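One-letter residues, chain by chain:
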2 protein chains.
Amino acid sequence: MKASVLFSGGKDSCLTAKMLSDFFDVELITTSFGLLSNWEKAEEVAKKLNFPFKILKLDEEILKQAADQTVKDGFPNNGIKYIHQKTLEEVAKNSKIISDGVRRDDKVPVLSISEIRSFEDKFDVHYVQPLAGYSWKTINILVEKFFVIEEHKSISSFVGSEYEFELREIIKREYGDEKIKEIFPQNHTHSLVVDVKI
Amino acid sequence: MKASVLFSGGKDSCLTAKMLSDFFDVELITTSFGLLSNWEKAEEVAKKLNFPFKILKLDEEILKQAADQTVKDGFPNNGIKYIHQKTLEEVAKNSKIISDGVRRDDKVPVLSISEIRSFEDKFDVHYVQPLAGYSWKTINILVEKFFVIEEHKSISSFVGSEYEFELREIIKREYGDEKIKEIFPQNHTHSLVVDVKI
């Protein structure tokens with residue numbers, strides 16, 4: 001049975017894929033709006049993990065709406081959640097089991113339990129979050145066991161595969177660099193799996 | 001690294017043990033107050049799963065307090081949660097990683113996120129709930145794949161290893177059979193794993 005894992009190549013989505021691979025045929029999916037080659041890092045990591053990899057091309061209109069929301073709010077949480085929801089809905093058209101790397105202590109992009117149930121019912125799918133019962137402390141133990149990771153500041157020249165990178169790019173193009181500094185936290189980091197230990 | 005899994009021999013705790021066994025050395029733990037041989041079913045299933053098994057003997061005073069709470073409330077949820085918390089605290093004295101089979105859609109015995117964090121901080125442990133991101137529908141797919149199960153009405157001659165059985169027993173002894181019928185749902189069932197497929 002196929003399970004589609006929303007995938008950035010970061011430690012959480014890699015661990016999610018590893019956990020699910022005992023039970024399902026895992027395929028990895030990275031969202032791109034085509035503004036950046038943001039899927040490249042994810043594809044490299046997918047090769048190391050040896051799982052099939054797909055790029056999900058979403059309509060740029062979704063990114064624009066997320067950007068408008070983000071600029072209006074002054075912080076990116078709701079914009080990122082909007083992209084995540086649209087990604088889930090698109091994946092649900094072709095997969096019965098959909099998964100992501102959301103952890104117990106995550107704030108973004110987290111659907112409420114009623115949003116999760118409503119999504120599952122509307123699309124007749126299983127939405128699985130294998131890390132929802134794990135703290136970051138426990139996840140770090142498991143990541144250390146299986147993966148070698150790098151950490152990158154999100155405000156740097158690094159282009160990762162998370163939604164945030166294209167969201168920043170479109171806001172930069174429309175509102176300039178200063179807006180990015182206002183909206184996005186400066187100290188936020190993204191992990192990237194660079195090797196698999198076992 | 002050892003992980004202690006609170007274990008009843010039901011489908012949820014069996015699946016939890018299976019999931020964690022990829023990452024940790026699993027040991028199974030069943031709580032007993034010594035009123036019934038309630039641990040017997042769990043021990044049988046533990047043998048089938050081939051994991052080490054321990055009985056955790058808790059003070060009967062805890063069971064009495066849970067019974068008082070249950071009779072006062074007129075429903076068992078808080079009494080069962082109380083036993084669960086006391087079990088977690090006792091296990092935390094000897095284990096760094098503690099786990100149970102609580103699912104995304106469970107109501108009992110569920111600790112709130114602040115109770116979970118407080119428990120982890122106070123005892124310096126990892127509390128892991130591998131099924132917290134899985135719905136009952138998804139769990140049923142996995143259970144079907146790995147286990148053969150039986151379902152037993154909780155109001156029957158069946159004595160399972162869940163907290164409920166000794167809680168019912170002590171209330172029956174102190175308040176009589178009628179009280180049990182008032183307090184405990186008649187249609188509630190407990191699953192028991194009777195064979196392992198893979």
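It should be noted that the structure appears before, not after, this text.
This text gives an overview of the structure that appears in the document. (Residues numbered from 1 in each chain as written. Chains lettered and ligands numbered in written order. Predicted model: local features only at pLDDT ≥ 70, side-chain atom pairs only at ≥ 80, totals over all residues. Heavy atoms only, no water.)

1. Here we look at the pattern of salt bridges
Defined as follows: In what follows, salt bridge is the name for a side-chain nitrogen of Lys or Arg lying within 4 Å of a carboxyl oxygen of Asp or Glu. By the criteria applied, helices consist of DSSP H or I runs no shorter than four residues and strands consist of E runs no shorter than two, each listed in order from the N terminus. The buried label goes to any residue with under 20% of its type's maximum accessible area, the exposed label to any with over 50%, and the partly exposed label to all in between, with areas taken from a 1.4 Å probe on protein chains only.
Counted by the stated rule, this structure contains 36 salt bridges over all chains. Across the salt bridge formed by Glu120 of chain B and Arg104 of chain A, the nearest N and O atoms sit 2.7 Å from each other. Of this pair, Glu120 of chain B sits in helix α5 (residues 113-123) while Arg104 of chain A sits in the loop between β4 (97-99) and α5 (113-123), each in a different chain. By relative accessible area, which is 5% here, Glu120 of chain B ends up buried. Taken together, the salt bridges that share partners define one network made up of Arg104 and Asp105 of chain A together with Arg117 and Glu120 of chain B.

2. Comments concerning the sheet that holds strand β5 (residues 126-128) of chain B
Residue and element names in this part refer to chain B. Rule in force here: Two strands qualify as a pair provided that DSSP identifies no fewer than 2 bridges between them. All axes here are fitted lines through C-alpha atoms, helices being fitted over the stretch that makes contact, and every angle between N-to-C directions spans 0 to 180 degrees.
Taken together, the five strands give an open sheet; going across it, the order is β3-β2-β1-β4-β5, and neighbouring strands pair in parallel fashion. Either end of the sheet is taken by a strand with one partner, and the two such strands are β3 (53-57) and β5. Strand after strand, the sheet turns through a mean of 30° between neighbouring axes, direction not considered.

3. With respect to helix α3 (residues 60-73) of chain A
An α-helix turns once every 3.6 residues. As a result, residues three or four positions apart point the same way. All names here are of chain A. Rule in force here: Given a helix with a known number of residues, its expected span is that number minus one, times 1.5 Å. The arc in question is traced by the directions running from the helix axis to the C-beta atoms. When checking whether two residues touch, look at their non-hydrogen atoms; a contact exists if any pair is within 4.5 Å. Residues adjacent in sequence count toward polar contacts only when both atoms are side-chain atoms; beyond that, a polar contact is any pair of N or O atoms within 3.5 Å, and within protein one must be able to donate a hydrogen and the other to accept it.
With 14 residues, α3 ought to run about 20 Å at 1.5 Å a step, and its terminal C-alpha atoms sit 20 Å apart, in line with that. All of the buried residues along α3 are Ile62, Leu63, Ala66, Ala67, Thr70 and Val71. All buried residues of α3 project into a common sector of 165° when viewed along the axis, lining one side. Structurally, α3 contributes buried residues whose contacts are with α4 (77-91), α7 (163-175) and α8 (177-183). Structurally, the start of α3 carries an N-cap: the backbone nitrogen of Glu61 is 2.9 Å from a side-chain oxygen of Asp59. Positive backbone phi, at 85°, marks Gly74, one or two positions downstream of α3.

4. Points about the interface of chain B and chain A
A common way to express how large an interface is: the accessible area buried when the components associate. As a reminder, the rule being used: In this description, buried area is defined as the sum, over both parts, of the accessible area (probe of 1.4 Å) that is lost when the two are combined.
At the junction of the two partners, chain B supplies 31 residues and chain A supplies 31 residues. In this assembly, chain B packs against chain A so that about 2500 Å² is buried in total across both faces, 56% of it on carbon and sulfur atoms. In terms of surface lost to chain A, no three residues of chain B exceed Phe23, Arg104 and His126 of chain B, which account for 26% of the buried area on that side. Across the chain B-chain A interface, the total number found is six salt bridges. Along the contact surface separating chain B from chain A lie 10 residue pairs in polar contact (both at pLDDT 80 or more). In terms of residues, the side of chain B that touches chain A owes the most to one element, helix α6 (residues 136-146) of chain B, which gives six residues.

5. Things to note about a negative patch on the surface
Residue and element names in this part refer to chain A. This is how the line gets drawn: Only residues whose relative accessible area exceeds 30% and that form no salt bridge are eligible for patches; like-charged ones are grouped when within 9 Å, while nonpolar side chains (Val, Leu, Ile, Met, Phe, Trp, Tyr) are grouped when within 5 Å. Exposure was quantified through the Shrake-Rupley algorithm and a 1.4 Å probe, taking into account, for residues, occlusion by the shown protein chains and nothing else. When charges are tallied, Lys and Arg are placed among the positive residues and Asp and Glu among the negative ones, while His and the ends of the chain are skipped. Lysine's charge is taken at NZ, arginine's at CZ, aspartate's at CG and glutamate's at CD.
Side chains of Asp59, Glu60, Glu61, Asp68 and Glu174 sit close together on the surface and give a patch of like negative charge. No other element matches the three residues that α3 contributes to the negative patch. Among the secondary structure elements, Glu61 is positioned in helix α3.

6. Side note on the relation of the copies chain B and chain A
Heads up, the condition is: Least-squares fitting of one copy onto the other uses the C-alpha atoms of those residues that reach a pLDDT of at least 70 in both copies.
The two copies are related by a screw motion: chain B maps onto chain A through a turn of 180° and a shift of 0.0 Å along the axis, at an RMSD of 0.0 Å. The operation mapping one copy onto its partner corresponds to a two-fold rotation axis. Identified as the residue of chain B closest to the rotation axis by C-alpha distance is Ala132 of chain B, at 2.8 Å.

7. Observations regarding the packing of aromatic side chains
Inclusion rule: Classification of ring pairs rests on two measures: the distance between centres of Phe, Tyr or Trp rings, Trp counted by its six-membered ring, which must be within 6.5 Å, and the angle between planes, read as stacked under 30 degrees, edge-to-face over 60 and tilted in between. Only when the NZ atom of a Lys or the CZ atom of an Arg is both within 6 Å of the ring centre and within 35 degrees of the ring normal do we say a charge sits over the ring.
Tallied over the full model, the rule gives 10 aromatic pairs over all chains. Judged by centre distance (5.4 Å) and plane angle (50°), the rings of Phe119 of chain A and Phe123 of chain A are tilted. A residue pair is termed a helical-turn pair when its members lie 3 or 4 positions apart in one helix, as Phe119 of chain A and Phe123 of chain A do in helix α5 at four residues. Its guanidinium or amino end placed over the ring of Phe146 of chain A, Lys18 of chain A lies 4.4 Å from that ring's centre, counting from NZ or CZ. Over the ring of Phe184 of chain B we find Arg168 of chain B; its NZ or CZ atom is 5.9 Å from the centre of that ring.

8. Some points on α5 of chain B
All names here are of chain B. Taken together, the buried positions of α5 are Ile116, Phe119 and Glu120. Buried residues in α5, looked at end-on, bunch into an arc of 95°, giving them a common side. Relative to its buried face, α5 has exposed residues pointing more than 90 degrees away, namely Asp121 and Lys122. In the segment just after α5, Asp124 is the residue with positive phi, at about 50°.

9. Quick notes on the environment of Asp195 of chain A
Residues and elements named next belong to chain A. Of note, Asp195 is situated in strand β7 (residues 189-196). When its relative accessible area of 41% is taken as the criterion, Asp195 is described as partly exposed. Separated by 150 residues in the primary sequence, Asp195 and Val45 place their C-alpha atoms 7.9 Å from one another. Excluding residues within four positions of it along the chain, Asp195 makes contact with Lys48, Phe146, Phe147 and Val148.

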